[in-house]
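# Commentary on secondary and tertiary structure
If you want the building blocks of each chain, they are given just below.
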Amino acid sequence: MEKQPKGWGAFAEHVKERAPDETLQEAITYVQDREAALDMGAGALNETKHLLASGFQRVVALDAEPSIVERAKGQAGGERLEVIVSRFEDYEFPPNAFDLVNARYSLPFMSPASFEEVFAKIKASLKFGGIFTGQMFGPNDFRNNQEGMTMHSREGVESLLSDMEIIELEEEEYDGPTYSQGTQHWHVYTVVARK
Ligand SMILES: C[S@@+](CC[C@H](N)C(=O)[O-])C[C@H]1O[C@@H](n2cnc3c(N)ncnc32)[C@H](O)[C@@H]1O
């Protein structure tokens, strides 16, 4: 999940057979309506496909990586899928629109200058009772000090979620594999929270 020398398209190709994320599957159980979901940093569309298969009437897959468009072609349930190639920082988040926002390992790749503003827009785009799920990275993560990335202390994550109900906030540190940089130290918070 590190910054990719060959780009995010190559990373997506590498992970395209991965099963849908288990935390997302759990997060969906807390969703009241399945009208609209946003998948931020949709990448290989593994989670986007799961949202479609779970019956969301509209799924927005957002990613700055242009190959997402080709990847989405012929997708089952594609008439319910909207693919948007945009940086999170430039996306016009519709207010009170989504029952669920998924951001699997994608938000930390924004710079600190943008992070809080974008996270506030994510919250504003959730309906009342809507669910956010995704990851932030901690200060001991191997990507700390990489340009353009944002790390959070646990207090920092709790502060981002202070106006939400935290359903799950799991903090993990471990040495584990990366796509292109061998084994590295990971420091990850996994969040499920309700507006
Ligand atoms: C580590 S990958 C995760 C992809 C997918 N969510 C997954 O878990 O396999 C990060 C994804 O976020 C996208 N991304 C990173 N920074 C972004 C930004 N500022 N705006 C939009 N997309 C971004 C990348 O193109 C990439 O697809």
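All values derive from a computational prediction rather than experimental measurement.

Within the structure, the ligand sits among 20 residues, and W8, G41, G43, A64 and F109 are positioned closest to it. Ranked by residue count, the leading element in the shell around the ligand is helix 1 (residues 8-15), at four residues.

By secondary structure assignment, the location of D33 is in the loop between helix 2 (22-28) and strand 1 (36-40). Overall, D33 belongs to the exposed group, with 12 C-beta atoms counted inside 10 Å. Measuring from C-alpha to C-alpha, the distance between D33 and G130 comes to 8.7 Å, with 97 residues separating the pair along the chain.

Quick look at the pairing of strand 6 (residues 165-177) now. Burial of strand 6 is sparse: only zero of the 13 residues sit out of reach of the surface. Relative to strand 7 (residues 183-194), strand 6 is paired through 12 bridges, and the arrangement is antiparallel. Paired with E165 across the bridge in strand 7 is R194. Between the end of strand 6 and the start of strand 7, which pair antiparallel, lie five residues, with G182 showing a positive phi angle near 65°.

With that settled, the discussion passes to the nonpolar core. Formed by 48 residues in total, the largest nonpolar core has its most connected members in A37, V59, A61, L100, V101 and V191. Ranked by residues supplied to this core, first place goes to strand 5 (residues 126-137) with five residues. Not counting the four nearest positions on each side in its chain, A37 is found in contact with L51, F56, V59, F98, D99, L100 and N102.

Of note in this structure, L45 is not a glycine but carries a positive phi near 70°. With respect to the helices, strands and loops of the structure, L45 is situated in the loop between strand 1 and helix 3 (46-53). Given 22 C-beta atoms within a 10 Å radius, L45 is considered buried. Even without being glycine, N96 reaches a positive phi, approximately 50°. Structurally, N96 can be placed in the loop between strand 3 (81-85) and strand 4 (98-103).

Within the secondary structure, E17 sits in the loop between helix 1 and helix 2. Of the residues examined, E17 has 8 C-beta atoms within 10 Å and is grouped as exposed. In this structure the C-alpha to C-alpha distance between E17 and L45, which are 28 residues apart in sequence, comes to 9.9 Å.

In space, the seven strands of this open sheet follow the order 3-2-1-4-5-7-6, with mixed pairing throughout. Edge positions in the sheet fall to strand 3 and strand 6, since each of these pairs with one other strand and no more. Averaged over all pairs of adjacent strands, the angle between strand axes in this sheet comes to 10°, irrespective of strand direction. Each of strand 1, strand 4 and strand 5 touches helix 5 (residues 112-125); the most contacted strand, strand 5, lies at about 145° to it.

The rules we used
Residues numbered from 1 in each chain as written. Predicted model: local features only at pLDDT ≥ 70, side-chain atom pairs only at ≥ 80, totals over all residues. Near = placed C-beta within 6 Å. Helix = DSSP H or I, 4+ residues; strand = E, 2+ residues; numbered from the N terminus. Buried ≥ 20, exposed ≤ 12 C-beta atoms within 10 Å, placed from the backbone. Pairing = 2+ DSSP bridges. Core = buried A, V, L, I, M, F, W, Y, C linked by C-beta atoms within 7 Å. Contact = placed C-beta atoms within 7 Å. Axes fitted to C-alpha atoms, helices over the stretch in contact; angles between N-to-C directions.

Don't take any of this as a statement about function, it's just geometry.
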